[in-house]
Amino acid sequence: AQSVTQLDSQVPVFEEAPVELRCNYSSSVSVYLFWYVQYPNQGLQLLLKYLSGSTLVKGINGFEAEFNKSQTSFHLRKPSVHISDTAEYFCAVSDKGGSEKLVFGKGTKLTVNP
Amino acid sequence: GAGVSQSPSNKVTEKGKDVELRCDPISGHTALYWYRQSLGQGLEFLIYFQGNSAPDKSGLPSDRFSAERTGGSVSTLTIQRTQQEDSAVYLCASSLRTGDYEQYFGPGTRLTVT
């Protein structure tokens, strides 16, 4: 069965600092990988996805993630964060060829301080 | 255009009562998903509908949970004989078609069982 581990439940950073949110997955089959963001009192929004091709994926709001098959990782990065990036970030996987249901990690709460 | 909408936004019910939660997907989206977000379990897949195919019900936690999708559009999630552990935010998502791998989430229904 698939599982997703987000190693940090909370990440505090200062504004304009770089950030990396870590995600590792476990699956016996090939997967697609996703990062979603949830702003306070809002629904989930897709930040980026990896389906195939280049392992470096660029998303919205200046975020990017790199798929590393050998390390089964899909870490999310941003070179310079803003106060408005404060939110909860979820990593998710989906089996290739399956029902496309998402298996989510527990989430990482990113807090950007001035 | 309009996004995924869910109603009610909040629902408080007494233990043992039945509840119905509604989801209106984005017009033209053929795939519809239900997830549950709770403090203890994080985000969990519940059920998936794709066109006229049999739904994937593999995530439903018990036979008290059921869902239907009428006319390929609106979906209703029903929880019978609610228990306190059913308290959670129930999220609905839709995607344009199989293979799209881009789910759009609604704002959720917060269910509180007292």
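For the structure, see preceding data.
Residues numbered from 1 in each chain as written. Chains lettered and ligands numbered in written order. Predicted model: local features only at pLDDT ≥ 70, side-chain atom pairs only at ≥ 80, totals over all residues. Heavy atoms only, no water.

(A) The arrangement of the interface of chain B and chain A in detail. Chain B puts 22 residues into the contact, and the matching count from chain A is 21 residues. Taking both partners together, chain B and chain A bury about 1,700 Å²; carbon and sulfur atoms supply 52% of that area. For the chain B face of the interface with chain A, the top three residues by lost area are B:Leu43, B:Tyr101 and B:Phe105, together amounting to 44%. Across the chain B-chain A interface, the total number found is two salt bridges. Counting across the interface, chain B meets chain A through seven residue pairs in polar contact (both at pLDDT 80 or more). Counting residues per element, the ones that place at least two in the side of chain B that touches chain A are strand E4 (31-38) and strand E5 (42-50) of chain B. Among the elements that make up the side of chain B that touches chain A, the one with the highest residue count is E5(B) (four residues). A breakdown of the residues in the side of chain B that touches chain A according to their chemical character gives nine nonpolar, nine polar and four charged. (Contact = heavy atoms within 4.5 Å. Buried area = accessible area lost by both parts, 1.4 Å probe. Salt bridge = Lys/Arg side-chain N within 4 Å of Asp/Glu carboxyl O. Polar contact = N/O pair within 3.5 Å; in protein donor to acceptor, adjacent residues only side chain to side chain. Helix = DSSP H or I, 4+ residues; strand = E, 2+ residues; numbered from the N terminus. Nonpolar A, V, L, I, M, F, W, Y, C, P; charged D, E, K, R; others polar.)

(B) Quick peek at the nonpolar core. Residues and elements named next belong to chain A. Core analysis: the biggest nonpolar cluster contains 28 residues, and Leu33, Trp35, Leu47, Leu48, Phe74, Leu76 and Tyr89 have the highest contact counts within it. For this core, the secondary structure elements donating two or more residues are strand E2 (10-14), strand E3 (19-21), strand E5 (31-38), strand E6 (44-50), strand E8 (64-68), strand E9 (73-78), strand E10 (87-95) and strand E12 (108-113). Setting aside chain neighbours within four positions, we find phenylalanine 74 in contact with Cys23, Leu33, Phe34, Trp35, Leu48, Tyr50, Ala65, Glu66 and Phe67. (Core = buried A, V, L, I, M, F, W, Y, C linked by side-chain atoms within 4.5 Å. Buried < 20%, exposed > 50% of the residue type's maximum accessible area, 1.4 Å probe, protein only.)

(C) How the structure looks around the pattern of salt bridges. Using the criterion set out here, one finds eleven salt bridges over all chains in the structure. Of the charged contacts in the structure, one is a salt bridge between A:Arg77 and A:Glu66, with a shortest N-O distance of 3.7 Å. Taken together, the residues span a long stretch of sequence, with A:Arg77 in strand E9 and A:Glu66 in strand E8 at a distance of eleven residues. One salt bridge in this structure joins B:Glu14 and B:Lys17, with 3.7 Å as the shortest N-O distance. A residue is classified by how much of its surface remains accessible, and B:Glu14, at 49% relative accessible area, is partly exposed. Overlapping salt bridges bring together A:Glu20, A:Glu66 and A:Arg77 as one network.

(D) Just the packing of aromatic side chains, in detail. All chains considered together, the criterion is met by 15 aromatic pairs over all chains. Between A:Phe34 and B:Tyr101 the ring centres are 6.4 Å apart and the planes differ by 20 degrees, which places this aromatic pair in the stacked class. Residue A:Phe34 is located in strand E5, and its partner B:Tyr101 is located in the loop between strand E8 (88-95) and strand E9 (104-105); the two belong to separate chains. With a centroid separation of 5.6 Å and an interplanar angle of 85 degrees, the aromatic rings of A:Phe104 and B:Tyr35 are classed as edge-to-face. Linking A:Phe104 in strand E11 (residues 103-104) with B:Tyr35 in strand E4, this pair reaches from one chain into another. Neither A:Phe104 nor B:Tyr35 differs from the other in exposure class; each is buried. These aromatic residues form a ring-pair network of at least three members: A:Tyr32, A:Phe34, A:Tyr36, A:Phe90, A:Phe104, B:Tyr33, B:Tyr35, B:Phe45, B:Tyr48, B:Tyr101 and B:Phe105. (Phe/Tyr/Trp six-rings, centres within 6.5 Å; stacked < 30°, edge-to-face > 60°.)

(E) Broad picture of unusual backbone geometry. Going from B:Ser7 to B:Pro8, the amide bond is cis rather than trans, its omega being -10 degrees. By the secondary structure assignment, B:Pro8 is in the loop between strand E1 (5-7) and strand E2 (10-13). You will see that A:Thr72, though not glycine, has its phi angle at about 45 degrees, which is positive. Relative accessible area serves as the criterion here: at 29%, A:Thr72 is assigned to the partly exposed category. In this structure, B:Arg81 takes a positive phi of about 45 degrees despite not being glycine. Topologically, B:Arg81 is positioned in the loop between strand E7 (75-79) and E8.

(F) Expanded view of the state of the cysteines. Scanning all chains against the criterion turns up two disulfides over all chains. Across the disulfide, A:Cys23 is cross-linked to A:Cys91 (sulfur-sulfur distance 1.9 Å). Looking down the S-S bond of the A:Cys23 and A:Cys91 bridge, the torsion is -65 degrees, so its handedness is left-handed. Of the two residues, A:Cys23 sits in the loop between E3 and strand E4 (24-26) while A:Cys91 sits in strand E10, which places them 68 residues apart along the sequence. The residue that forms a disulfide with B:Cys23 is B:Cys92, at a sulfur-sulfur distance of 1.8 Å. Taking the sign of the S-S torsion, about -65 degrees here, the bridge from B:Cys23 to B:Cys92 comes out left-handed. One end of the pair, B:Cys23, is in strand E3 (residues 19-24); the other, B:Cys92, is in strand E8, with 69 residues separating them in the sequence. B:Cys23 gets classed as buried once you look at its relative accessible area, which sits at 0%. On the basis of relative accessibility, which here comes to 0%, the residue B:Cys92 falls in the buried class. (Disulfide = S-S within 2.5 Å.)

Worth remembering: the numbers are spatial, not functional.
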